Amino acid sequence: MIPRGATQRPAAGSVKLPVRTPEDIVRTRQFLREQAKAIGFSLVDQTKIVTAASELARNTMIYGGGGEVEIQTLAEGARRGLRLTFIDQGPGIADVELALKDGFTTGGGLGLGLGGAKRLCNEFSIDSRPGSGTRVTIARWK
Amino acid sequence: MERIPILKMGPFLLVTIQVDMHDQLALTLQDDLTAKISKERSRGVLIDISALDVVDSFIGRMIANISAMARVLDAQTVVVGMQPSVAITLVELGLPLEGVHTALNVEKGMALLNRRLEEVRA
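Residues numbered from 1 in each chain as written. Chains lettered and ligands numbered in written order. Predicted model: local features only at pLDDT ≥ 70, side-chain atom pairs only at ≥ 80, totals over all residues. Heavy atoms only, no water.

Undergrad: What should I look at first to understand the overall build of chain A in this one?
TA: Helix and strand counts for chain A come out as four helices and six strands. A globule of 142 residues ought to have a C-alpha radius of gyration of about 14 Å, and chain A, at 14 Å, matches this closely. C-alpha atoms of chain A, sized along the principal axes, occupy 40 × 30 × 25 Å. Every one of the 142 residues in chain A was classed for burial, and the buried ones make up 49%. Counting every atom, chain A has about 6600 Å² of accessible surface; 50% of that belongs to carbon and sulfur. A distance of 4 Å separates the average location of the 20 positive side-chain charges in chain A from that of its 14 negative side-chain charges. (Helix = DSSP H or I, 4+ residues; strand = E, 2+ residues; numbered from the N terminus. Rg over C-alpha atoms; globule rule 2.2 N^0.38 Å. Buried < 20%, exposed > 50% of the residue type's maximum accessible area, 1.4 Å probe, protein only. Areas by Shrake-Rupley, 256 points an atom, 1.4 Å probe, with all protein chains shown as cover. Lys, Arg positive; Asp, Glu negative; His and termini not counted. Charge placed at Lys NZ, Arg CZ, Asp CG, Glu CD.)

Quick look at the structure:
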């Protein structure tokens, strides 16, 4: 099932969802849970990627001023995985290394989002510069 | 407005979270619970999260906040029914919920609250 507001892309197994409201974060979690289940992720792996996505979606909404997430199903031989790319056109991150530190926040949060999401995934990358938005990509393989 | 119901049972308050909460709903629950602890002069809060398959840092912080606020209001909080996959993920995320009392299920959680209350009264 593809949630409301989603756009199906031509590439098989890739879906874009909006990340603008707290309800969008919930929809992202629920859609991702279904995807992770469908490709056979264990319950722990499902929970890890859904939790990481929830952290990053909240960052996109709060710090990026809203954006979108692209969800891709990965296949490499018999391996299956999920790749998520969170994209916003917000102010960007001045010091990515500092932003990854636990406890660092410019908002009112706990400062666990980025570092926590990184720990919950197998692949993690950030592309961000002040003034040019932020793109965070994570992947988890089963 | 959407709300999570809070049940009063003697000196305790009971909350069962049955939905995937968006952030505002979590904040509303935090406000409602502290208001109700004060109004009912409750001595304990039991939060059942057995239906939650995700606890991220926002919901985790709400749980820690409720526990801290309740303590200041002279009430104990116990969180029950956390799924093992959620526990693993929370610790890896970096939020081990130190200082929050937990129990395996509602029955054990109620026993814990009752025991605490007797200790205080003794």
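Undergrad: How do you make sense of the packing of aromatic side chains when you look at a structure like this?
TA: In this description, a pair of aromatic rings is defined by centroid distance and the angle of the planes. Evaluated as defined, the whole model comprises zero aromatic pairs over all chains. Just above the ring of W141 of chain A sits the side chain of R79 of chain A; from NZ or CZ to the centre is 4.3 Å. (Phe/Tyr/Trp six-rings, centres within 6.5 Å; stacked < 30°, edge-to-face > 60°. Lys NZ or Arg CZ within 6 Å of the ring centre and 35° of its normal.)

Undergrad: In this structure, what is going on with the packing of helix α2 (residues 43-62) of chain A against helix α3 (residues 84-93) of chain B? I would like to understand it.
TA: In helix packing, the relevant descriptors are the interaxial angle and the interaxial distance, both defined with respect to the helix axes. Orientation of α2 of chain A relative to α3 of chain B, taken along the N-to-C sense of each, is 45°, at an axis distance of 9 Å. The orientation of α2 of chain A relative to α3 of chain B falls into the category oblique. Read as a crossing pair, α2 of chain A and α3 of chain B show a hand that is right-handed. For the pair α2 of chain A and α3 of chain B, contact is made by L43, V44, T47, K48, T51 and E55 of chain A and by S85, V86, I88, T89, E92 and L93 of chain B, respectively. Its residues assigned to classes, the contact of α2 of chain A with α3 of chain B comprises five nonpolar, four polar and three charged. (Axes fitted to C-alpha atoms, helices over the stretch in contact; angles between N-to-C directions. Parallel < 35°, antiparallel > 145°, perpendicular 65-115°, else oblique. Left-handed = near helix turned anticlockwise from the far one by under 90°. Contact = heavy atoms within 4.5 Å. Nonpolar A, V, L, I, M, F, W, Y, C, P; charged D, E, K, R; others polar.)

Undergrad: Sorry, what's going on with the pattern of salt bridges here?
TA: Between side chains of opposite charge, pairing is possible as soon as their charged atoms come close. On inspection of all chains with the given rule, the structure shows 16 salt bridges over all chains. One salt bridge connects E68 of chain A with K16 of chain A, and the closest N-O pair in it is separated by 3.2 Å. Here E68 of chain A, found in strand β3 (residues 67-76), pairs with K16 of chain A, found in strand β2 (residues 14-19); they are 52 residues apart in sequence, far enough to count as distant. Notably, a salt bridge pairs K39 of chain B with E40 of chain B, separated by 3.9 Å at the nearest N-O pair. A residue is classified by how much of its surface remains accessible, and K39 of chain B, at 66% relative accessible area, is exposed. Within the structure, one salt-bridge network assembled from shared partners comprises R29 and R58 of chain A together with D20, D23 and D56 of chain B. (Salt bridge = Lys/Arg side-chain N within 4 Å of Asp/Glu carboxyl O.)

Undergrad: Please clarify how the interface of chain B and chain A should be interpreted in this entry.
TA: On the chain A side, the residues contacting the 20 residues of chain B number 25 residues. Of the roughly 1900 Å² buried between chain B and chain A, counting both surfaces, carbon and sulfur atoms make up 57%. Run the count over chain B and chain A and you get six salt bridges. Ionic pairing is found between R33 of chain A and D53 of chain B, a salt bridge with its closest N-O pair at 3.7 Å. Seen at the junction of chain B and chain A, the total is 12 residue pairs in polar contact (both at pLDDT 80 or more). Put simply, the parts of the chain that give the side of chain B that touches chain A at least two residues each are α2 (57-72) and α3 of chain B. Element by element, the count of residues in the side of chain B that touches chain A is highest for α3 of chain B, at six residues. Partitioned by chemical class, the residues of the side of chain B that touches chain A number nine nonpolar, five polar and six charged. (Buried area = accessible area lost by both parts, 1.4 Å probe. Polar contact = N/O pair within 3.5 Å; in protein donor to acceptor, adjacent residues only side chain to side chain.)

Undergrad: Explain the sheet that holds strand β4 (residues 76-80) of chain B to me, please; I cannot follow it from the model alone.
TA: Backbone-to-backbone hydrogen bonds join strands into a sheet, with any given pair of strands oriented parallel or antiparallel. Residue and element names in this part refer to chain B. If you walk across this open sheet you meet the five strands as β1-β2-β3-β4-β5, and the pairing is mixed. With partners counted over all chains shown, the strands left at the sheet margins are β1 (6-9) and β5 (101-103), one partner each. Between one strand axis and the next, the sheet turns by 25° as a mean value, whatever way the strands run. By the bridge criterion, three bridges tie β4 to β5 in an arrangement that is parallel. The residue bridging V79 from the neighbouring strand is T102, located in β5. Contacts from helix α1 (residues 23-40) reach β1, β2 (12-16) and β3 (44-48), with the element oriented near 160° to β2. (Pairing = 2+ DSSP bridges.)

Undergrad: Looking at this structure, I do not really get the packing of helix α1 (residues 22-38) of chain A against α2 of chain A. What am I missing?
TA: Residue and element names in this part refer to chain A. The geometry of α1 relative to α2 is characterised by a closest axis approach of 9 Å and an angle of 155° between their N-to-C directions. Here α2 runs roughly antiparallel to α1, going by the angle between their axes. In this structure, the crossing between α1 and α2 has a hand that is right-handed. Of α2, the residues touching α1 (which contributes P22, I25, R29, L32, R33, A36 and K37) are L43, Q46, T47, I49, V50, A53, S54, A57, R58 and M61. Of the residues that constitute the contact of α1 with α2, the class distribution is 10 nonpolar, three polar and four charged.

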